[in-house]
Amino acid sequence: MRTAAAEVTAPRHVALIMDGNGRWAAARRLPRVAGHRAGAQAVRRCVEAAIDNKVGWLTLYAFSSENWRRPPEEIVDLTALLRHYLRSEINELHRQGVRLRVIGERERFGPQIEAELEAAERRTAGNTRLNLIIALSYGGRSEILRAARRIAEAARDGSLDPAALEEEDFARFLATAEIPDPDLVIRTSGECRLSNFLLWQSAYAELVFLDVLWPDFGSAHFGGAIAEFNRRQRRFGARPA
């Protein structure tokens with residue numbers, strides 16, 4: 001007797017920590033920038049995999065607030081790669097119906113890149129096939145701290161009653177306001193930590209850690225993570241039915 005196949009449910013929001021560019025380059029005796037360039041190609045494959053799997057929201061951790069501690073020459077390479085990606089990929093993203101948004105301290109990249117980010121957001125604002133969020137100069141702790149400061153200012157001004165503040169109210173002060181919390185967080189390279197990424201938002205996300213280095217990431221890895229997500233039982237603190 002044939003049994004019905006298990007229904008595959010796409011997570012509404014997948015967040016991804018892209019890790020392993022440097023190790024990928026080192027294993028091939030290449031400069032680190034070669035790993036970052038290969039990682040940019042993996043971003044394209046990841047976006048296509050998200051579309052193919054009917055994921056509505058995809059957040060990529062592209063540059064953390066801690067990454068500014070890296071050597072200056074690597075920061076220059078990463079900034080140049082970001083500028084190149086914006087100029088070379090925005091047409092394709094727009095053609096695919098992808099809406100681009102950026103969270104984090106974009107102003108730290110300078111006025112030219114900040115203006116190009118804003119232009120890319122405006123150009124793709126009407127697209128609905130996939131919401132692509134890029135986290136740039138982003139840190140979860142600093143995001144929560146900024147939200148707390150804004151709430152304190154609102155309370156001081158009398159526009160907010162701290163005693164009436166609920167979790168949903170707090171979330172509206174975060175950079176991800178109006179963006180659903182991630183259902184699935186994937187990290188590549190075999191590391192098993194969040195590294196200050198979406199700390200508030202990932203409270204009930206399923207976590208999947210993959211051994212693949214980011215430049216080797218492809219649709220099979222994305223699909224495998226979704227398959228693992230479907231094997232999990234999400235209870236949100238309640239007992240299973």
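1. Comments concerning the packing of helix 3 (residues 72–95) against helix 4 (residues 111–123)
As a packed pair, helix 3 and helix 4 sit with axes 11 Å apart at the nearest point and diverge in direction by 15 degrees. Relative to helix 4, the element helix 3 lies roughly parallel. Our pair here, helix 3 against helix 4, has a crossing hand that is left-handed. Together, Thr79, Leu82, Arg83, Leu86, Arg87, Ile90, Asn91 and His94 of helix 3 and Gln112, Ile113, Glu116, Leu117, Ala120 and Arg123 of helix 4 make up the contact between the two elements. Residue classes in the contact of helix 3 with helix 4 are distributed as six nonpolar, four polar and four charged.

2. Points about the nonpolar core
Generally speaking, a soluble globular protein has its nonpolar side chains buried in company with each other. By size, the foremost hydrophobic cluster in this structure holds 43 residues, and its most contacted members are Leu16, Val47, Leu58, Leu60, Leu132 and Phe222. If we ignore the near neighbours within four places in the chain, the residues touching Val47 are Leu58, Leu93, Gln96, Val98, Leu130 and Leu132. Membership of the second largest hydrophobic core comes to 13 residues, among which are Ile133, Val185, Leu198 and Ala205.

3. Section: the environment of Ile103
With respect to the secondary-structure elements, Ile103 resides in strand 3 (residues 98–103). For Ile103, a relative accessible area of 5% corresponds to the buried category. Residues Ile103 and Tyr61, 42 residues apart in the sequence, show an inter-C-alpha distance of 9.8 Å. Apart from residues lying up to four places away in sequence, Ile103 is in contact with Ile133, Ile134, Ala135, Leu136, Tyr138, Ala175 and Thr176.

4. Points about the state of the cysteines
Each disulfide consists of one covalent bond between the sulfur atoms belonging to two cysteines. Summed over the entire model, instances satisfying the criterion amount to zero disulfides. In this structure Cys46 is a free cysteine whose sulfur lies 19 Å from that of Cys192, the closest cysteine sulfur available. Look at Cys192 and you get exposed, because its relative accessible area is 55%.

5. Observations concerning the side chain of Arg106
Looking at the element boundaries, Arg106 is found in the loop between strand 3 and helix 4. Once residues lying within four places of it in the same chain are set aside, the contact partners of Arg106 are Glu114, Leu117, Glu118 and Glu121.

6. Structural notes on helix 2 (residues 32–52)
Taking 1.5 Å of rise per residue, the 21 residues of helix 2 would be expected to cover 30 Å, and the 30 Å separating its terminal C-alpha atoms lies within 8% of that figure. Two residues or fewer past helix 2, Lys54 is found with a positive phi of approximately 60 degrees.

7. Here we look at the sheet that holds strand 3
Strand order in this open sheet of six strands is 3-4-2-1-5-6, and the pairing throughout is parallel. Two strands close off the open sheet at either side, each with one partner strand: strand 3 and strand 6 (206–209). Looking at each pair of strands side by side, their axes are set apart by 20 degrees on average, direction ignored. Taken strand by strand, helix 4 contacts strand 3 and strand 4 (130–138), and its axis lies near 145 degrees from that of strand 3.

8. Focus on the pattern of salt bridges
Enumeration over the complete set of coordinates arrives at 18 salt bridges. In this structure, Asp216 engages Arg28 in a salt bridge whose closest nitrogen and oxygen atoms are separated by 4.0 Å. Of the two residues, Asp216 is situated in the loop between strand 6 and helix 7 (219–231) and Arg28 in the loop between helix 1 (21–27) and helix 2; the sequence distance between them amounts to 188 residues. Note on Asp216: relative accessible area 38%, which makes it partly exposed. Relative accessible area serves as the criterion here: at 38%, Arg28 is assigned to the partly exposed category. The shortest N-O distance in the salt bridge between Arg32 and Glu74 comes to 3.1 Å. One end of the pair, Arg32, is in helix 2; the other, Glu74, is in helix 3, and 42 residues separate them in sequence.

Cut-off values and rules
- Residues numbered from 1 in each chain as written.
- Predicted model: local features only at pLDDT ≥ 70, side-chain atom pairs only at ≥ 80, totals over all residues.
- Heavy atoms only, no water.
- Axes fitted to C-alpha atoms, helices over the stretch in contact; angles between N-to-C directions.
- Helix = DSSP H or I, 4+ residues; strand = E, 2+ residues; numbered from the N terminus.
- Parallel < 35°, antiparallel > 145°, perpendicular 65-115°, else oblique.
- Left-handed = near helix turned anticlockwise from the far one by under 90°.
- Contact = heavy atoms within 4.5 Å.
- Nonpolar A, V, L, I, M, F, W, Y, C, P; charged D, E, K, R; others polar.
- Core = buried A, V, L, I, M, F, W, Y, C linked by side-chain atoms within 4.5 Å.
- Buried < 20%, exposed > 50% of the residue type's maximum accessible area, 1.4 Å probe, protein only.
- Disulfide = S-S within 2.5 Å.
- Expected span 1.5 Å × (residues − 1).
- Pairing = 2+ DSSP bridges.
- Salt bridge = Lys/Arg side-chain N within 4 Å of Asp/Glu carboxyl O.

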